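# Structure at a glance
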Amino acid sequence: MSDYQQKVAGSFNERMQLIRLRRKKENLRFWQEFRIIPNGVIWTVVVLFLIAQGIAFSVNRWNAVHYGSFFPYELQDNFPLASVALAGIITAISLVFATIILWIAYVNRDAKRRGMNSALWTLLVIILLPASTFIGFLIYFLMREPLPYPCPQCGKTVGARFNFCPNCKCNLHPSCPNCKQEVVETDKFCPYCATDLKSVAQETEALTAPK
Ligand SMILES: [Zn+2]
Ligand SMILES: [Zn+2]
């Protein structure tokens, strides 16, 4: 394997390891996640929606009074019904726009709390919007870094790329002493080779414990 190939394979493995860590540690709930979107953005979307409805209704009413014709043209004899139809169409369009705006706001906040470049990621999803509405979001959700999580031993928040806790030196990526595969702190037995991890841990503790 060439140097370059090795580097690519190495960064690919690291990426896969981060994705696995994310799946293991993150248990995100949709509505809880929704809360990281700033209230200001949500209210702006609501106000814009109401303004759009107001403008559409006024323009339609103005046309009805001055020209005697209004949108939609199939409902010429019934202005109230036409108004309801117009409001429905605007609501449908607004829902699509609101969804996109809220997703962008979410990416912006989420990237920040994961220690990623939030301005760059926000720009990327916006730039990719015309290409295919959700491709930018898809790339973001595949690429995003795992969230910092509490150290299993001392509870201090540790970064996803840390190997040891900077506060208590806890091994954040323990591996099986027999097969060297990565295991989770709570595993009693190695999921790959069934080595009893509890007794091994107690033995090493007993060996290293001060007498
Ligand atoms: Zn710790
Ligand atoms: Zn093992």
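Residues numbered from 1 in each chain as written. Chains lettered and ligands numbered in written order. Predicted model: local features only at pLDDT ≥ 70, side-chain atom pairs only at ≥ 80, totals over all residues. Heavy atoms only, no water.

Applying the stated criterion across every chain yields a total of 14 aromatic pairs. Ring centres 5.6 Å apart and planes at 80° place the aromatic pair tryptophan 103 and phenylalanine 141 in the edge-to-face group. Placement of the pair is tryptophan 103 in helix α4 (residues 79-113) and phenylalanine 141 in helix α6 (residues 135-143), with a sequence separation of 38 residues. A residue is classified by how much of its surface remains accessible, and tryptophan 103, at 30% relative accessible area, is partly exposed. Given a relative accessible area of 24%, phenylalanine 141 falls into the partly exposed group. Linked through ring pairs, Trp103, Tyr106, Trp121, Phe134, Phe137, Tyr140 and Phe141 together constitute an aromatic cluster. (Phe/Tyr/Trp six-rings, centres within 6.5 Å; stacked < 30°, edge-to-face > 60°. Helix = DSSP H or I, 4+ residues; strand = E, 2+ residues; numbered from the N terminus. Buried < 20%, exposed > 50% of the residue type's maximum accessible area, 1.4 Å probe, protein only.)

In this section: the coordination of the zinc ion (ligand 1). Bound to the zinc ion (ligand 1) on the protein side are Cys151 (SG), Cys154 (SG), Cys165 (SG) and Cys168 (SG), at distances that span 2.2 to 2.3 Å. Coordination at the zinc ion (ligand 1) is tetrahedral: its 4 donor atoms span angles of 108 to 113° at the metal. In terms of primary sequence, the donors binding the zinc ion (ligand 1) are separated according to C-x2-C-x10-C-x2-C. Taking relative accessible area as the criterion, cysteine 151 reaches 4% and is therefore assigned buried. Cysteine 154 sits in the partly exposed class, given a relative accessible area of 34%. (Donors = N, O, S within 2.8 Å, 3.2 Å for Na, K, Ca; no water. Tetrahedral: all angles 85-135°; square planar, octahedral: opposite > 155°, others 65-115°.)

It is worth spelling out unusual backbone geometry at this point. Phenylalanine 71 connects to proline 72 through a cis peptide bond whose omega is -15°. With respect to the helices and strands, the residue proline 72 is situated in the loop between α3 (39-66) and α4. You will see that lysine 169, though not glycine, has its phi angle at about 65°, which is positive. Topologically, lysine 169 is positioned in the loop between β2 (157-158) and α7 (197-208). A positive phi angle, close to 70°, is found at lysine 180, a residue other than glycine. Summarising the element assignment, lysine 180 is placed in the loop between β2 and α7.

The next thing to look at is the layout of surface pockets. Volume-wise, the second largest pocket comes out at about 290 Å³. The wall of the second largest pocket is formed by Leu28, Phe30, Trp31, Glu33, Phe34, Ile37, Thr99, Leu102, Trp103, Tyr106, Phe141 and Arg144. Elements with a minimum of two residues in the lining of the second largest pocket: α2 (30-34) and α4. Classifying every residue of the lining of the second largest pocket by side-chain character gives 9 nonpolar, 1 polar and 2 charged. (1 Å grid on protein atoms, 1.4 Å probe; cavity = no way out; pocket = protein on both sides within 12 Å on 5 of 7 lines; lining within 4 Å. Points joined across faces, edges and corners; volume = space filled by probe spheres on them. Nonpolar A, V, L, I, M, F, W, Y, C, P; charged D, E, K, R; others polar.)

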